[in-house]
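For reference, the chains in residue letters:
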Amino acid sequence: MNETAAAERIRFLTNEIIRHDELYYRKANPEISDFDYDLLKQELEELERTHPNLAHEDSPTGQVGEDLSDGFQVYQHRLPMLSLDNTYSKDEFFAFVERVGKGLRSKSIEFVVEPKIDGVAVSVTYENGQLVRAVTRGNGAEGDDITANAILIGELPKSIEGSRVPEIIEVRGEIYMRNDEFDRINAERQAAGLDEFKNPRNLAAGTVKMLDRVEVAKRQLNIVLYGLGFSQPSASDTQWRYHESLREWRFPVGERFWKVNGAVEAWDAIEQLDAMRNDFAYPTDGAVVKVNGFVEQDILGQTSKAPRWAIAYKFAAEQAETLLEDIFIQVGRTGVLTPVAQLKPTTLAGTTVSRATLHNAEEMERKDVRVGDMVVVEKAGEIIPAVLRVIEEKRPSGSSPFVFPITCPECGSETRKLEGEVALRCINSECPAQVRGRLEHFSSRQCMDIEGLGIALVNQLVSRSLISNCADIYRLTFDDLVGLEKFADKSAKNLLEAIERSQGNELWRLLHGLGISQVGVAAAKDLAKAYDSLAHLREASVESLIEVEGIGEKTAEGIVTYFNNKANASMIDDLFELGMNPAAPEIPQGDDVIFGGMIFVITGTLPTMKRNEAKALIESKGGKAVGSVSKKTDYLVAGESAGSKLFKAESLGVPILSEGGLLALIDSLGSGGS
Ligand code: IVH
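Quick caveat, the model's predicted, so the values are computed rather than measured. (Residues numbered from 1 in each chain as written. Predicted model: local features only at pLDDT ≥ 70, side-chain atom pairs only at ≥ 80, totals over all residues. Heavy atoms only, no water.)

## Describing the overall build of the protein chain
Along the protein chain, the regular secondary structure elements total 25 helices and 22 strands. For a compact globule of 674 residues, the expected C-alpha radius of gyration is about 26 Å, and the protein chain comes in at 27 Å, within 12% of that figure. Projected onto the principal axes, the alpha-carbon positions of the protein chain cover approximately 80 × 70 × 60 Å. The contacts of the protein chain with a sequence gap of at least 6 include a subset with a gap of at least 24, amounting to 68%. Accessible surface computed for the protein chain: about 32,700 Å², of which carbon and sulfur atoms make up 49%. (Helix = DSSP H or I, 4+ residues; strand = E, 2+ residues; numbered from the N terminus. Rg over C-alpha atoms; globule rule 2.2 N^0.38 Å. Contact = heavy atoms within 4.5 Å. Areas by Shrake-Rupley, 256 points an atom, 1.4 Å probe, with all protein chains shown as cover.)

Given below as structure tokens:
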């Protein structure tokens, strides 16, 4: 691959991975399977290895995913929570064992093989035997304090006693939800006309991050502990004995562990685990193989994101064969037409599957999928099942290829492919399916979070022409609502209250809710921080938008296009006229505003602060930290291995500060009173 093509591919993969990280870690709503995600990451790693000059210092390959959310106290882990290297290949697994052997200069190494639980990582700290804190992984260094929710997990000990309980210990594990509990909650939601949750892992992730403890208490979460963070004095000397202590201290632990010697025995254990994992109480998507001895673990050490003494071997997705009964086309809120297969129900990875995605017209054509075919469906992890391929030998005679509609099946409008996209889109922004989709999105939990306004109700309101855009929600009256099917006075009153409350939401919720192309939760938060009001954001140019850290050119263009659209502009005017009044973000006041209006760029690795800490510090002093250096940059804060940004700053004559220099600047401006 030549340099230009590689640069282009690296950019594409980087953006995709960041987008999928956001969907997985922050929205708990992934679009692709872990397997497909890992493929993207592997490809990017390979390209970065072969084209080191094109590798970006902030590349997602060098970071663990981040799950930090608003509304929680952030807490620093005493020892960082790392991620694990993973593989789907037996050869790579054997290569791992060989690397370990070289690192330890030994041929016979003891490993522990254990189930890899697909849940939400958590670190629980006990001091003098008492549970004091439970924290999510967050960005690996610090996570969200979810103690209030974690103590509602019945099987998590609130105190531990027995032999050798360390004074301080961080016990690590995974919070998960059982399939039957997941089904129970969804059945209840369906009966109440609320949106159903997608899968147990995401529901568990969403639940531990809820601020409403009454609701958390209604959902049963479970936990398994398997890991050790900080401990003083040392909790154990081997992983095997540590598991024994966990059991003695009454922690729920994995169902089965194997102590083995060398690669062949380890592989055998992995296969045994694969054969039995469907009977486990928790979703198990692989095996984790760890060097047993803690001394040996220390010798091997770790990279910035994963230990060298452990690896996750992930099992391939599960597949099943079933009849494709029908194909229908779903139209999403952005007009994308997605073909969906209606299947003869079949059991896959422990759940019943009756629908699977067919991705898009090109994919369907490539696979030549037809109604009446026997197909192989795959469910990777807990993701939406997909049709993998057709079993052609079993095709009934007389079947004909599926003809993808050229017009929108919902409204009959023309469909088109946007540049660089494979998906067909309905071009009619008034298409009922798009209208419903936009309204559902606006009111969803990651946006305006209007309790009670889910898919079913939106459909009713739209079909009665009571609402057609987001502003209409704020025009709804008591009389409009009580006329609806199964809608009592009380529910109408509650809904109206929830609607009114949402007008005071933080700005990022509104921004995300508008459904601007490319603006997810993270971008909405970045924008809300950079622009104090929607009025200012509406006026922003592409040039000033790309100054905002985290906002790229495509997103900036999407934003400008959105606000230039007349219908959008008048809908937003209406929203504000009807009383929208986003809560103001905290703005530093008084003596703290020493960097008022100043623009900083941070690059490289700082000696003690993380980049986002430095950013927060600058913002707390009223300054702005943006992503790219320009003539308008006041200071570049540069650490070790700073690259292109440093060159650019030097060539533009932008003053350069070290971390110490930044602190000195704060000191001098602060005490000087200037
Ligand atoms: S050990 C230093 N053991 O999978 C990293 N992790 O994909 C120690 N996980 O970050 C992790 N089951 O959240 C370990 N038996 C197990 C696990 C496990 C699930 C999670 C953990 C980890 C992630 C990596």
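## Examining the sheet that holds strand β11 (residues 310-314)
Strand pairs in the sheet, formed through backbone hydrogen bonds, run parallel or antiparallel to each other. Spatially, the five strands line up as an open sheet ordered β2-β11-β10-β3-β9, and their pairing is mixed. At either end of the open sheet lies a strand with only one pairing partner, and these are β2 (86-87) and β9 (258-261). As judged from the five bridges shared by strand β10 (residues 284-291) and β11, these two strands associate in the antiparallel manner. Bridge pairing in β11 links alanine 287 to tyrosine 313. (Pairing = 2+ DSSP bridges.)

## Let's talk about the site of the ligand
The environment of the ligand is formed by 14 residues, the closest being Glu114, Pro115, Lys116, Arg137 and Lys290. Within the side chain of arginine 137, one N or O atom sits 2.6 Å away from an oxygen atom of the ligand. Summarising the interface, the protein chains cover 87% of the accessible area of the ligand, which totals 520 Å² for the free molecule. For the shell around the ligand, the secondary-structure elements that each account for two or more residues are β3 (110-117) and β10. Of the residues forming the shell around the ligand, the biggest block, four residues, is contributed by β3. Per-class residue counts for the shell around the ligand are eight nonpolar, one polar and five charged. (Near = heavy atom within 4 Å. Polar contact = N/O pair within 3.5 Å; in protein donor to acceptor, adjacent residues only side chain to side chain. Nonpolar A, V, L, I, M, F, W, Y, C, P; charged D, E, K, R; others polar.)

## Let's talk about the pattern of salt bridges
Summed over the entire model, instances satisfying the criterion amount to 31 salt bridges. Residues arginine 184 and glutamate 181 are paired through a salt bridge, measuring 2.9 Å at the closest nitrogen-oxygen approach. One end of the pair, arginine 184, and the other, glutamate 181, are both in helix α5 (residues 179-191), three residues apart, so they sit about a helical turn from each other. Since its relative accessible area comes to 33%, arginine 184 is described here as partly exposed. Overall, the relative accessible area of 9% leaves glutamate 181 in the buried class. The partner of glutamate 363 in a salt bridge is lysine 367, and the shortest N-O contact between them spans 3.1 Å. Of this pair, glutamate 363 and lysine 367 both sit in helix α11 (residues 361-367), four residues apart, which is roughly one turn of the helix. Taken together, the salt bridges that share partners define one network made up of Asp368, Arg370, Asp373 and Arg395. (Salt bridge = Lys/Arg side-chain N within 4 Å of Asp/Glu carboxyl O. Buried < 20%, exposed > 50% of the residue type's maximum accessible area, 1.4 Å probe, protein only.)

## A few points about unusual backbone geometry
Glutamine 232 connects to proline 233 through a cis peptide bond whose omega is -5°. Following the sequence through the fold, proline 233 ends up in the loop between β8 (222-232) and α8 (239-248). Here histidine 359, not a glycine, exhibits a phi torsion of approximately 65°, which is positive. Secondary-structure assignment places histidine 359 in the loop between β14 (351-357) and α11. The class of histidine 359 is partly exposed, set by a relative accessible area of 39%. With a phi close to 50°, aspartate 368 is a non-glycine residue in the positive phi region. Here aspartate 368 lies in the loop between α11 and β15 (374-379). When its relative accessible area of 23% is taken as the criterion, aspartate 368 is described as partly exposed.

## Some words on the packing of aromatic side chains
All chains considered together, the criterion is met by 15 aromatic pairs. Ring geometry for phenylalanine 96 against phenylalanine 111: centres 6.2 Å apart, planes inclined by 50°, an arrangement best described as tilted. Of this pair, phenylalanine 96 sits in helix α3 (residues 90-104) while phenylalanine 111 sits in strand β3; the two residues are 15 residues apart in sequence, bridging distant segments of the chain. Assessed through its relative accessible area of 0%, phenylalanine 111 is described here as buried. (Phe/Tyr/Trp six-rings, centres within 6.5 Å; stacked < 30°, edge-to-face > 60°.)

## Here we look at the pairing of strand β4 (residues 120-127)
The side chains of a regular strand alternate, residue by residue, between the two faces of the sheet. β4 sits mainly inside the fold: seven of its eight residues count as buried. Relative to strand β7 (residues 168-176), β4 runs antiparallel, the two being bridged by eight bridges. Within the sheet, the bridge partner assigned to valine 124 lies in β7 and is valine 171. In the sheet, β4 pairs with strand β5 (residues 130-136) via six bridges, with the strands oriented antiparallel. The partner of valine 124 across the bridge, within β5, is alanine 134.

## Focus: the sheet that holds β5
Pairing in this open sheet of four strands is antiparallel, and the strands run β5-β4-β7-β8 from one edge to the other. In this open sheet, the two edge strands, each paired with only one partner strand, are β5 and β8. When strand polarity is set aside, the average angle formed by the axes of neighbouring strands in this sheet is 25°. The sheet strands contacting helix α6 (residues 200-208) are β4 and β7, and the helix crosses β4 at an angle near 40°. Its contacts with the sheet put α8 on β7 and β8, and the angle it makes with β8 is roughly 120°. (Axes fitted to C-alpha atoms, helices over the stretch in contact; angles between N-to-C directions.)

## A few points about helix α9 (residues 262-276)
Taking 1.5 Å of rise per residue, the 15 residues of α9 would be expected to cover 21 Å, and the 22 Å separating its terminal C-alpha atoms lies within 8% of that figure. Taken residue by residue, α9 has Gly262, Ala263, Ala266, Trp267, Ala269, Ile270 and Leu273 as its buried positions. Mapping the buried residues of α9 onto a view down its axis gives an arc of 160°, with all of them on the same face. Seen from the buried face of α9, the exposed residues on the opposite side, beyond 90 degrees, are Val264 and Ala275. Where α9 is buried, its residues touch α3, β3, β9, β10 and β11. (Expected span 1.5 Å × (residues − 1). Arc of directions from axis to C-beta.)

## Quick notes on the packing of helix α21 (residues 553-564) against helix α22 (residues 566-577)
The geometry of α21 relative to α22 is characterised by a closest axis approach of 5 Å and an angle of 75° between their N-to-C directions. In terms of orientation, α21 lies roughly perpendicular with respect to α22. Contacts between α21 and α22 involve Tyr562, Phe563 and Asn564 from the first element and Lys566, Asn568, Ala569, Met571 and Ile572 from the second. Of the residues in the contact of α21 with α22, the class split is five nonpolar, two polar and one charged. (Parallel < 35°, antiparallel > 145°, perpendicular 65-115°, else oblique.)

## Thoughts on the environment of valine 253
Inspection of the secondary structure assignment puts valine 253 in the loop between α8 and β9. As for valine 253 and isoleucine 223, which are separated by 30 residues in sequence, their C-alpha atoms are 8.3 Å apart. Ignoring sequence-local partners within four residues, the contact set of valine 253 consists of Val224, Leu225, Leu246 and Arg247.

## Description of the side chain of histidine 77
Residue position: histidine 77 is located in the loop between β1 (74-76) and β2. The exposure class of histidine 77 is buried, given its relative accessible area of 7%.

## Considering the environment of cysteine 411
As for its position among the elements, cysteine 411 is in the loop between β16 (386-390) and β17 (415-417). We classify cysteine 411 as partly exposed; its relative accessible area is 28%. Leaving out residues up to four positions away in the same chain, cysteine 411 has contacts with Cys426, Asn428, Cys431 and Pro432.

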